[in-house]
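Per-entry structural report
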Amino acid sequence: MAVEEQRAGSRVSRPEIRLVRRGFTDPAKAVRLLDGPGLEGLADDPVLLDALGATADPDLALLGLARLLEAADEPERHTLRDTLTTSKPLRDRLLGVLGVSTALGDHLARHPRDWHVLVTFELRDMHPGPQDFRRALAEGVKDDTLSPVNALRVAYRRCLLAIAARDLTGTTDLAQTAAELADLAGATLQTALDLAAAQDPEAAAACRLAVIGMGKCGGRELNYVSDVDVIFVAEPREGVDEHEAVKAATRLAAALTRLCSDTTGEGTIWPVDANLRPEGRNGPLVRTLASHLAYYQRWAKTWEFQALLKARPVAGDAELGAAYVEALAPMVWQAADRENFVADVQQMRRRVIDSIPAIELDRQLKLGPGGLRDVEFSVQLLQLVHGRTDPALRSGNTLEALAALSRGGYVGRADAASLDAAYRFLRSLEHRIQLHRLRRTHLMPTAEEDQRRLARSLAALINDDTRSDPVAALQREWKRHAVEVRRLHEKLFYRPLLDAVAELPPGAAGLTPDAARARLEALGYADPAAALRHISALASGVSRKAAIQRTLLPVLLGWFAESADPDAGLLNFRQVSDALGRTPWYLRLLRDESAAAEQLARVLSAGRLAPDLLLRAPEAVAMLGDPQGLVPRGRAALQSEVLAAVGRAGSTAAAVAAARSVRRRELFRTAAADVLGWLGEDPAEALDTAGEALTALNAATLQGALRACTAGWEAEHGDLPTRIAVIAMGRFGGHELGYGSDADVLFVHEPVLGSLEQEAARAAQAVCHELRTLLAAPSTEPPLLVDADLRPEGRSGPLVRTLASYAAYYRRWSHAWESQALLRAEPVAGDEELGARFRRLIDPLRYPGVGVPERDLMEIRRIKARIEAERLPRGADPTTHTKIGRGGLADVEWTVQLLQLQHGHELPALRTTRTRAALAAAAGAGLVERADAEVLEAAWVLASRVRSAVMLVRGRPGDSFPGDARELSGVARYLGYGAGHSGELVDDYRRTTRRARAVVDRLFYGAG
């Protein structure tokens, strides 16, 4: 028997027991209501009783329903009863609202026909916006039975009823509900302004008035009950004096405020608060745009720019509102440059907390420690600091801004997720509190019945069982979120680095040598003695550098320890610091930019490639302090920079070296972004981004090297007697390069008019040979190996041919495998017109109109089988070799290329050099089952990512998983596997490629 039944004892009747079991706390009163007018015959309806029992407060829901039925006339009551018993959506919406909100129950009792909005207002699929609300309010104010003011208030609550029903039945989440409330507020302001203009047409004719939403209204995250913060801006209409226009606009603004804020009749909608305007209450209610600008340019304080972060036009003259926001936005994003900016914002937050009465401190959801304002202040501070250079952060909406901060790397993903969840819970709790009586409050109620209602209404958001003790579950969830918010607020707002230090065991920053070694061993350092030497070298002494390092090292050691190779991370950090330690900007970066410091730690401990590239030119660390620093650059920008660097060089060798230097720096940019997970959330997207970046980089490097070698030849011999084009092949042509890929190319030339072909061939040969030699020459810069072995006759043939020579060769001697290789040919450097003509030459070869003859098909299959049998390295495991192993890259690529040869002539979508794009086109055309295409794509993506990971971790290319445990762990970490799960990666790889091989056997070899 339930606790409630035991308390009631034998005095509880059988109907009352049924009600107690359904959650009623006053069953006797419930029985009386069920026997009262309007509810006759419903007392024995189990569907209705169950629906009442499912609400947050069954007693409140039943009382509201009884009042509604009693207030309705007989036809209306009959319609409602029928709909209530037959329509579950209406039943859930109506009872859900009545079980939470006494105020909306009162509204329905006064306006019993308004329940129809829960049927006519489509709640399941539609997301109403400002225009929908404006139409609803405009229709509402036409009600002849009420004054326009009261009609507006009734129409407003009718819309509010629909929003609450959507919210309480889970049709919308918090963000959508808050956005709809803000849109309803904007529509209400617009309707009130229209009414004010109708009452004072003279004023409306004299001015243009825009209403700027501020605070939560501006951020589209409004509460159910809140002051609506606004700023009014006006301009005179043509021919009107500015002073008179401002006076007219002030009359309209004041009338709008009264219409919304007046408490007579149907009661207030909400107070319109214009105190965020320049000079606050002491300033004029309305200013012109020029007056606003003059004030903000000269007198505004830091907090006023912080408030403007959420400014958004919500009503009135849309063009003027947009001009206001556009004019002030640059000032908002320069506010962080003001002296003592961070200190001012922090001090403002402390003043807010100090102003809370002690009796309310532990009940404050909004202003108290761990409350909503902690989240908002943290997000806004980070926005104002980093939004100067990153437009993606410039959202007035807290949750959108938090997501952008996470995507940009300014807030860790786990921290952002915790803040997001806490903010949603606290705002939802605040919403439910306000809904009860539609009163502006941010205090947790103290009455047990109120907390019980809140807990039941928020059961879906509470990570606890609310059935046995809902009040205790609510309290635990609230405190858990509040503690997490406060912790993260301290971390992000006050102590971006010291928080991590505080998480270490006591004394960790100054351990004895033996204790330090034990600590380092526990963190996963393989050579703690060497690690201690590095730490000592970094932190010893009284220099400014050493002081900063002492602050950072406990944090960095923890970050290094989270990697697969902490020792390498620490060693690399020491080497970078030795190179840059006396550079002022480096120390500032580490001290002031916690995100940059963590990113540096992640990059230095993620493998060898990125650190090796960084150590060749440590100044590239500066990229980590720039929000856009790790965004791969496009080909046009790269080519422009490379050609400029080549043009400044004094010799051919120096020019090619300059091109290689740019390539080294950009390789680091892409590799660092990759290991940090910044190239894309989806693995395939990240792989494509890296492939495009590396392709663009190699193309730009080749263009620069070709320009340099051509200029060198001409400086010695005069004008080059030929034009040269470079054709990318293989993964280069497919935009699928990995970090260790060679640049497979063909060289084609065409003598200029009047030149001897033999002389042109010698010149082209010399230029292309020098290009290859200088790009691969030993240097501090990484080499770019240019492989031309796919040319006609392979290594035995000439390095460069004329276009006519290629045409003659392909016409007489071309093999099926050469047509297949040409599928990925794409001009990337040199003479564009010549490259385009080469493309036109080879299109009939790679997309033959007759498909693939049987003899060519057999030849392609024979060559593929021979490669599998003869080219797999001795001792290599065919199940884990990413290139020519079973289900690996070659399997997928040859299968896709065969489909291109067979059907490319008739299907233009297949005429692409990209493997995944061609596979998608084949699936779209029905040449491959979609399930098979997904299997092949998954294997190709995974194999490509493994190859990239091997290069990033080892610093040298490899087609198989590393044998070294630490290196294998590094590969697994890159691919998203946690510590100790390297074996799962290998198992998953074998499983994925085994499925792919089965598809290849069917599609390529025709088996089964």
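What you are looking at is a predicted structure, and each value in this text was computed from that prediction instead of being measured.

**Considerations on the overall build of the protein**
Looking only at helices and strands, one finds 46 helices and 10 strands in the protein. The C-alpha extent of the protein, read off along each of the three principal axes, is 105 × 80 × 70 Å. Accessible surface, the protein as shown: approximately 43,000 Å² in total, 51% of it carbon and sulfur.

**A closer look at the packing of aromatic side chains**
Evaluated as defined, the whole model comprises 10 aromatic pairs. Centroid distance F560 to F573: 6.2 Å. Interplanar angle 55°. Geometry classified as tilted. Placement of F560 in helix α28 (residues 544-561) and of F573 in helix α29 (residues 566-580) is noted, with a sequence separation of 13 residues between them. Overall, F560 belongs to the buried group, its relative accessible area being 0%. The buried category is assigned to F573, whose relative accessible area is 0%.

**A look at unusual backbone geometry**
With a phi close to 70°, E279 is a non-glycine residue in the positive phi region. Structurally, E279 can be placed in the loop between β3 (272-273) and β4 (286-288). The class of E279 is partly exposed, set by a relative accessible area of 43%. Its identity as a non-glycine residue notwithstanding, L438 has a phi of 50°, on the positive side. Within the secondary structure layout, L438 lies in the loop between α22 (413-437) and α23 (448-457).

**Side note on the confidence of the model for the protein**
The pLDDT averaged across the protein works out to 87; a share of 90% of its residues lies at or above 70. Scored below 50 in pLDDT, residues 1-10 makes five contacts in the model with residues more than four places away or belonging to other chains. Confidence drops under a pLDDT of 50 for residues 493-512, and excluding neighbours within four residues, the segment shows 34 contacts in the predicted structure.

**Quick look at the nonpolar core**
Considering soluble globular proteins, one finds that nonpolar side chains tend to be buried as a cluster. Residues F573, L702 and F747 are the most contacted members of the largest nonpolar core, which totals 140 residues. Take this core: its biggest share by element is 15 residues, from helix α35 (residues 683-717). When residues no more than four places from it in sequence are discounted, the contact partners of L702 are V726, F732, V745, L771, L775, L784, V786 and A829. Ranked by size, the runner-up nonpolar core spans 86 residues in total, among them V100, V230, I269 and W270.

**Points about the side chain of R801**
Here R801 is to be found in strand β9 (residues 800-802). Residue classification places R801 among the buried positions, given a relative accessible area of 8%.

**Considerations on the pattern of salt bridges**
Counted under the stated rule, the structure contains 62 salt bridges. In this structure, R914 and E692 form a salt bridge, with 3.1 Å as the shortest nitrogen-oxygen distance. Of this pair, R914 sits in the loop between α42 (889-903) and α43 (915-924) while E692 sits in helix α35, and the two are 222 residues apart along the sequence. Measuring nitrogen to oxygen at the nearest pair gives 3.6 Å for the salt bridge that ties R954 to E967. Within this pair, whereas R954 is found in helix α44 (residues 930-954), its partner E967 is found in helix α45 (residues 965-974), the two being separated by 13 residues in sequence.

**Notes on the environment of E793**
Along the polypeptide, E793 turns up in the loop between β8 (786-787) and β9. By relative accessible area, which is 47% here, E793 ends up partly exposed. Between the C-alpha atom of E793 and that of H107, which follows or precedes it by 686 residues, the distance is 88 Å. Apart from residues no more than four positions distant in its own chain, E793 is found in contact with P798, R801 and Y809. A polar contact of 2.2 Å, which involves the side chain of E793, links it to the side chain of R801.

**Section: the pairing of strand β7 (residues 743-751)**
Taking burial as the measure, the nine residues of β7 include seven buried ones, the bulk of the element. Two elements, strand β6 (residues 722-728) and β7, share seven bridges in a ladder whose sense is antiparallel. Across the sheet, the residue bridging to V726 is F747, located in β7. Sheet topology places β7 next to β8; two bridges connect them, and they run parallel. Residue pairing for β8: A743 is matched across the bridge by V786. Inspection of the sheet shows β7 paired to β9 by three bridges, in the parallel sense.

**Things to note about the side chain of T172**
Mapped onto the secondary structure, T172 falls in the loop between α11 (148-168) and α12 (174-199). Overall, the relative accessible area of 7% leaves T172 in the buried class. The residues touching T172, leaving out its near neighbours within four places in the chain, are H127, R166, D167, T177 and E180.

**Thoughts on the packing of α42 against helix α46 (residues 982-1003)**
It is the contact of α42 with α46, at a shortest axis distance of 10 Å, that shows an interaxial angle of 30°. Between α42 and α46, the crossing angle belongs to the class labelled roughly parallel. Crossing handedness for the pair α42 and α46: left-handed. Of the residues in α46, those touching α42 at D891, V892, T895 and L898 are R997, V1000 and L1003. In the contact of α42 with α46, the residues fall into four nonpolar, one polar and two charged.

**A look at the environment of R480**
For R480, the position within the fold is in helix α24 (residues 470-494). Take R480: its relative accessible area is 40%, and that puts it in the partly exposed class. Taking the C-alpha atoms as reference points, R480 and A422, 58 residues apart in sequence, are found 8.7 Å from one another.

**Side note on the packing of α29 against helix α32 (residues 609-616)**
The N-to-C vectors of α29 and α32 enclose an angle of 15°; their axes lie 10 Å apart at closest approach. The pairing of α29 with α32 is recorded here as roughly parallel in orientation. Seen along the crossing, α29 lies across α32 with a hand that is left-handed. Between α29, through N572, Q575 and V576, and α32, the contact on the second element is made entirely by P611, L614 and L615. Of the residues assigned to the contact of α29 with α32, the class counts are four nonpolar, two polar and no charged.

**Structural notes on α43**
Buried within α43 are the following residues: T915, A918, L919, A921, A922 and A923. Positive backbone phi, at 85°, marks G926, one or two positions downstream of α43.

Conventions and cut-offs
- Residues numbered from 1 in each chain as written.
- Predicted model: local features only at pLDDT ≥ 70, side-chain atom pairs only at ≥ 80, totals over all residues.
- Heavy atoms only, no water.
- Helix = DSSP H or I, 4+ residues; strand = E, 2+ residues; numbered from the N terminus.
- Areas by Shrake-Rupley, 256 points an atom, 1.4 Å probe, with all protein chains shown as cover.
- Phe/Tyr/Trp six-rings, centres within 6.5 Å; stacked < 30°, edge-to-face > 60°.
- Buried < 20%, exposed > 50% of the residue type's maximum accessible area, 1.4 Å probe, protein only.
- pLDDT = per-residue confidence, 0-100.
- Contact = heavy atoms within 4.5 Å.
- Core = buried A, V, L, I, M, F, W, Y, C linked by side-chain atoms within 4.5 Å.
- Salt bridge = Lys/Arg side-chain N within 4 Å of Asp/Glu carboxyl O.
- Polar contact = N/O pair within 3.5 Å; in protein donor to acceptor, adjacent residues only side chain to side chain.
- Pairing = 2+ DSSP bridges.
- Axes fitted to C-alpha atoms, helices over the stretch in contact; angles between N-to-C directions.
- Parallel < 35°, antiparallel > 145°, perpendicular 65-115°, else oblique.
- Left-handed = near helix turned anticlockwise from the far one by under 90°.
- Nonpolar A, V, L, I, M, F, W, Y, C, P; charged D, E, K, R; others polar.

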